[in-house]
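Observations on chain architecture
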Amino acid sequence: MKLLTLNLHLWAEDDQINKLKKIANFIKENDVDVCFFQEVAQLESNEIIIDNIRKDNNAYLIKEYLDKDYYLYFEYKKNGREVYNEGLAILSKYPLINKEWFYVSKIRDHKNWHTRIIVKASIKYNNEIIDLYSTHMGWDEGIERYFDQVDEYVKNINFQNKFILAGDFNCVYESEQYDYLLNNKLISLVEK
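Reference entry: report on the structure contained in this document. Numbering of residues begins from 1 in every chain and follows the order in which that chain's sequence is written. Totals for whole chains, interfaces and linings use every residue, but because this is a predicted model, local features are given only for residues with pLDDT of at least 70 and side-chain atom pairs only at 80 or more, for both listing and counting. Water and hydrogen atoms were dropped before computing side-chain values, which therefore reflect all heavy atoms in the structure.

**Thoughts on the pairing of strand β5 (residues 71–80)**
- For every residue, the accessible area (1.4 Å probe, protein chains only) is compared with the maximum for its type, and the residue is labelled buried under 20%, exposed over 50%, or partly exposed between those bounds. Helix numbering and strand numbering both begin at the N terminus, where a helix is a DSSP run of H or I of at least 4 residues and a strand a DSSP run of E of at least 2. The buried count for β5 comes to seven of 10 residues, which makes it a mostly enclosed element.
- A strand pair is defined by DSSP finding two or more bridges across the two strands. In the sheet, β5 pairs with strand β6 (residues 84–92) via nine bridges, with the strands oriented antiparallel. Bridge pairing in β6 places K78 opposite E86.
- Hairpin remark: β5 followed by β6, antiparallel, with three residues in the connecting loop; positive phi at R81, about 55 degrees.

Right under this line is the structure:
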């Protein structure tokens, strides 16, 4: 299975549309099965086109630039730069089932950038159910603690199923935070 995880960096960069088209081309050229996106943004003032997805949602635009069917799950629970709904997405070649989200932060205020959620969806791949989790972890600041967020994350994983956790973990390879993730029954696919 080919995976891609990418922080889309809200709408913070120049020539954003060209960047999204390049991402879509990379997905096509590499026949990526599942994408995990962080900092997926949409202007909260734009119209909703489906579910909670607005017309400028950058994960939705990537999906639209692909020339074959992909399935998208997007959820947001915080504002980014005061004008965006900022969230996480999973984009998959395979139909997404059992879609849900959960908080990992203590702060649960959509106007507070410390608010952190995880999105989860499952796919059927080679006759097995695989749970997919997209994350964008926070770091120690105020009442938020990295290890608490990891504990909350792990508490919500169904270890009976095969699963893939991907995203922006906001930690350095072989750091104390990285080691903490691995000490919670997780296996890294990162090679140095």
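And the narrative resumes.
**Brief notes about empty space enclosed by the protein**
- Residues are called lining when one of their atoms sits within 4 Å of a cavity or pocket point, these points coming from a 1 Å grid over the protein atoms alone, where a cavity is a set in which a 1.4 Å probe fits but cannot get out and a pocket is an open set with protein on both sides within 12 Å along at least five of seven lines. Grid points are joined across faces, edges and corners, and a volume is the space filled by probe spheres set on the points. The tally for this structure, following the rule as stated, stands at two cavities of 30 Å³ or more.
- Quantified by volume, the largest cavity comes out at close to 110 Å³.
- Together, E39, K77, K78, E86, G87, L88, T115, R116, I117 and H136 line the largest cavity.
- Within the residue set of the lining of the largest cavity, elements represented by two or more residues are β5 and β6.
- It is β6 that contributes the most residues to the lining of the largest cavity, three residues altogether.
- A per-class count over the lining of the largest cavity returns two nonpolar, three polar and five charged.
- Counted as a void, the second largest cavity has a volume near 40 Å³.
- Considering the residues around the second largest cavity, the lining is formed by W113, H114, R116, G138, W139, E141, E144 and Q149.
- Split by residue class, the lining of the second largest cavity holds two nonpolar, three polar and three charged. Nonpolar residues are Ala, Val, Leu, Ile, Met, Phe, Trp, Tyr, Cys and Pro. Charged residues are Asp, Glu, Lys and Arg, and all others, Gly as well, are polar.

**Structural notes on the environment of S134**
- Take S134: it is sitting in strand β9 (residues 128–136).
- Owing to a relative accessible area of 0%, S134 belongs among the buried residues under this scheme.
- Residues S134 and K120, spaced 14 residues apart in sequence, show a C-alpha to C-alpha distance of 6.6 Å.
- If near-sequence neighbours (up to four positions away) are discounted, S134 is found in contact with F36, F37, Q38, L88, A89, I90, I118, V119 and A166.
- Any pair of nitrogen or oxygen atoms within 3.5 Å is treated as a polar contact; in protein, a donor-acceptor pairing is required on top of that, and neighbouring residues in sequence qualify only through side-chain atoms on both sides. For S134, the side chain forms a polar contact with the main-chain oxygen of F37, separated by 3.3 Å. Here, two residues are considered to be in contact whenever any of their heavy atoms come within 4.5 Å of each other.

**Side note on the environment of I164**
- Residue position: I164 is located in strand β10 (residues 162–168).
- Relative accessible area serves as the criterion here: at 17%, I164 is assigned to the buried category.
- Spatially, the C-alpha atoms of I164 and L189 are 10.0 Å apart, while their sequence positions differ by 25 residues.

**Description of a nonpolar patch on the surface**
- Taken together, the side chains of M1, L3 and L189 define a hydrophobic patch exposed on the protein surface, amounting to about 300 Å² of accessible area.
- Of note, L3 is situated in strand β1 (residues 3–7).
- In this structure L3 comes out as partly exposed when scored by relative accessible area, which is 36%. Like charges within 9 Å and nonpolar side chains (Val, Leu, Ile, Met, Phe, Trp, Tyr) within 5 Å are joined into patches, using only residues over 30% in relative accessible area that form no salt bridge. In this description, accessible areas are obtained by the Shrake-Rupley approach with a 1.4 Å probe, and a residue is regarded as covered only by the protein chains that are shown. One side-chain nitrogen of Lys or Arg within 4 Å of one carboxyl oxygen of Asp or Glu is enough to make a salt bridge.

**Focus on the layout of surface pockets**
- By volume, the largest pocket is sized at about 790 Å³.
- Taken together, 26 residues form the lining of the largest pocket, with L165, F169, I187, S188 and L189 sitting closest to its centre.
- It is β10 that provides the largest number of residues to the lining of the largest pocket, a total of seven residues.
- A class-by-class count of the residues in the lining of the largest pocket yields 20 nonpolar, three polar and three charged.
- There is about 190 Å³ of room inside the second largest pocket.

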